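# Residue-level structural notes
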Amino acid sequence: MGPAPSSRLALQYRPVEGNWNDHDTGGVMNVLISGAGVAGPVLAYWLCRYGFSVTVVERAPTILKAGGHAVDLFAPAMDIVERMGLLESVQERQTGTELFTVFREGRTRPVTIDLRALMAAISRRHVEIMRDDLREILHGATRDDVEYLFGDSVAAVSIDGKVRFEGGATRRFDLIVGADGLHSTVRRLVFGPESVYTLWLGGYIAVASVDNTYDLRNSMLGITGVNRLVGVYSARHMADARAFFLFRPPAPLHYDRHDLPSQKHLLRAQFADLGGEVPKLLDQVDRSSSLYFDSITQLRMGSWSSGRVTLVGDAGYCPGPAVGGSTSLAVVGAYSLAGELALAGGDHRVAYPGYEQAMSTYVQRSRAFAITMARRLVPTNRAQAWAMTTGVKLITSLPAPVMHAISRRGTRLGLHDSFTPRDYPSLIGLPRGDAGVQPQE
Ligand SMILES: Cc1cc2nc3c(=O)[nH]c(=O)nc-3n(C[C@H](O)[C@H](O)[C@H](O)COP(=O)(O)OP(=O)(O)OC[C@H]3O[C@@H](n4cnc5c(N)ncnc54)[C@H](O)[C@@H]3O)c2cc1C
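Quick look at the structure, then. (Residues numbered from 1 in each chain as written. Predicted model: local features only at pLDDT ≥ 70, side-chain atom pairs only at ≥ 80, totals over all residues. Heavy atoms only, no water.)

### Points about the sheet that holds strand 10 (residues 170–172)
The test is simple: In short, DSSP must find at least two bridges between two strands for them to pair. The helix count covers DSSP runs of H or I at least four residues long, the strand count covers runs of E at least two residues long, and both are numbered beginning at the N terminus. For helices, the axis comes from a line fit to the C-alpha atoms of the stretch in contact; other axes are also lines fit to C-alpha atoms, and the angle between any two N-to-C directions lies between 0 and 180 degrees.
On the basis of which strands lie adjacent, the open sheet formed by 3 strands has the order 8-9-10 and antiparallel pairing. Both edges of this open sheet fall to strand 8 (154–157) and strand 10, since each of them pairs with a single strand only. Taken over all neighbouring pairs, the strand axes of this sheet differ in orientation by 25° on average, direction set aside. Bridge count for strand 9 (residues 162–165) against strand 10 is 3 bridges, and the pairing is antiparallel. Residue pairing in the sheet places lysine 162 in a bridge with arginine 172 of strand 10.

Have a look at this one:
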């Protein structure tokens, strides 16, 4: 179990040796972002609009598709995507999944859940999109203005903004942002080991590309049992399908995050006895060259900024993959950080506390939401499994106004819509940026 959210480690800056190659940005403040997932490119986009010079370093060799799951953009993130002029591209690539037909272990009749109605109960505005599609759109919107360095990583950071990359280069930046996901390297270098800040929510998630055997277009098929859920879905524009596996072992598993065969082995051990189509899915996972496998872990840092360094998205406040709306949180966090930096004229001593303050309630509520969701999504007994599927079906069958009233009152379903991001572009008075933001001493 992780620490209380207020805990904080002593800073771990180490001097970085090397010859410093101060990149000439013409006097404009330069920012290094580690990670070109979701938060990284959104932050890069807004910082460029506000006149900063931005470099993004991404460990993956290209932006090319790596597999992965569908992610959700709820109202505040959708509003930001619209402000970025990307609404149409995002809507064009939405998965369009409308129905979830779920079989329950020990029962013959499946339950069909109307996912559109469920999402409408959660947020006034929502799009489900494959993570890879979203990344591609965000990269496309930033690649002309941002320096992207693929296939590299930050190896060391010093308090004055000096950075050494794994590839050997050394450079100095005015600000450094870790947008490198749940297992962030920047966070480890500056704030210490991940284990100090993590709370395991009791489950694991795995996602792999499989054949679209059932010709799924707008529906998802699944089987739920005690402590496990497996499903398969596709999207209108995808040739393949994605199989996902959620499970809750009695205790945390010990495995190497980089050892794919052992993760496949763990998955088979959890699901092999489920029958039906599941063994065939597992065979395909075995043959697949990419598998996303992670623990459903929540990050609980009291503060995620230190000196010139801050964190954004999963790196700083992942509520838990698949259970807490982490993609929306990442978009909102990136937009807010850029806005606070621009409002403060690039002074991180003002901007970082402002950013943390702006995100604080949303982050805390997302954590609470994720803990509840992790329990509900993978029921621990048959009665819970029945209650989960039947309860959701009941809510989504009600007339829309009644459904909204029930789902938002006394529940945490209204989480995303309760957050309204500040209108930074107006506050800052865009268009602006020709002069750039001057570095702070
Ligand atoms: C391959 C992949 C598949 C995913 N699939 C799912 C899923 O199926 N279900 C789910 O709920 N969530 C999934 N996630 C997480 C989900 O996408 C995030 O919660 C959400 O996108 C938040 O965005 P983020 O930008 O904060 O983090 P991420 O989207 O995780 O992006 C972080 C980025 O940083 C890069 N990176 C990592 N380490 C370094 C480093 N040392 N140096 C430079 N770059 C680095 C990563 O390659 C990645 O591009 C996945 C993440 C990844 C990386």
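### Concerning the pairing of strand 8
In the sheet, strand 8 pairs with strand 9 via 3 bridges, with the strands oriented antiparallel. Across the sheet, the residue bridging to valine 154 is phenylalanine 165, located in strand 9. Linking two consecutive strands that pair antiparallel, namely strand 8 and strand 9, is a turn of 4 residues; a positive phi of about 90° is found at glycine 161 within it.

### Thoughts on empty space enclosed by the protein
Which parts of space are left empty comes out when a probe the size of a water molecule is rolled across the atoms. Condition: The pocket and cavity definitions rest on a 1 Å grid over protein atoms only: a 1.4 Å probe that fits but cannot leave marks a cavity, an open set with protein on both sides within 12 Å along at least five of seven lines marks a pocket, and residues lining either have an atom within 4 Å of a point. Grid points are joined across faces, edges and corners, and a volume is the space filled by probe spheres set on the points. Classes in brief: Ala, Val, Leu, Ile, Met, Phe, Trp, Tyr, Cys and Pro nonpolar; Asp, Glu, Lys and Arg charged; the others, Gly included, polar.
Here the structure, examined in full by the defined rule, presents 1 cavity of 30 Å³ or more. Taken as a whole, the largest cavity spans an internal volume of roughly 50 Å³. Taken together, Leu201, Gly202, Gly203, Leu246, Phe247, Arg248, Ile296, Val323, Ala374, Leu377 and Val378 make up the full set of residues lining the largest cavity. Contributing elements (two or more residues each) for the lining of the largest cavity: strand 12 (198–210), strand 15 (241–247) and helix 11 (348–377). Grouping the amino acids of the lining of the largest cavity by side-chain chemistry returns 8 nonpolar, 2 polar and 1 charged.

### Things to note about the packing of helix 1 (residues 39–49) against helix 5 (residues 131–142)
Our working rule: In these notes the angle categories are as follows: under 35 degrees is roughly parallel, over 145 is roughly antiparallel, 65 to 115 is roughly perpendicular, and the rest is oblique. Left-handed describes a crossing in which the near helix is turned anticlockwise from the far one by less than a right angle; the clockwise case is right-handed. By the convention used here, residues are in contact when the closest approach between their heavy atoms is within 4.5 Å.
In contact at an axis separation of 9 Å, helix 1 and helix 5 are set at 25° when each is read in the N-to-C sense. Taken as axis vectors, helix 1 and helix 5 run roughly parallel relative to one another. Of the two elements, helix 1 crosses helix 5, and the hand of that crossing is left-handed. Of the residues in helix 5, those in contact with Pro41, Val42, Ala44 and Tyr45 of helix 1 are Leu138, Ala141 and Thr142. In terms of residue class, the contact of helix 1 with helix 5 is made up of 6 nonpolar, 1 polar and no charged.

The values reported here are purely geometric and, on their own, carry no functional implication.
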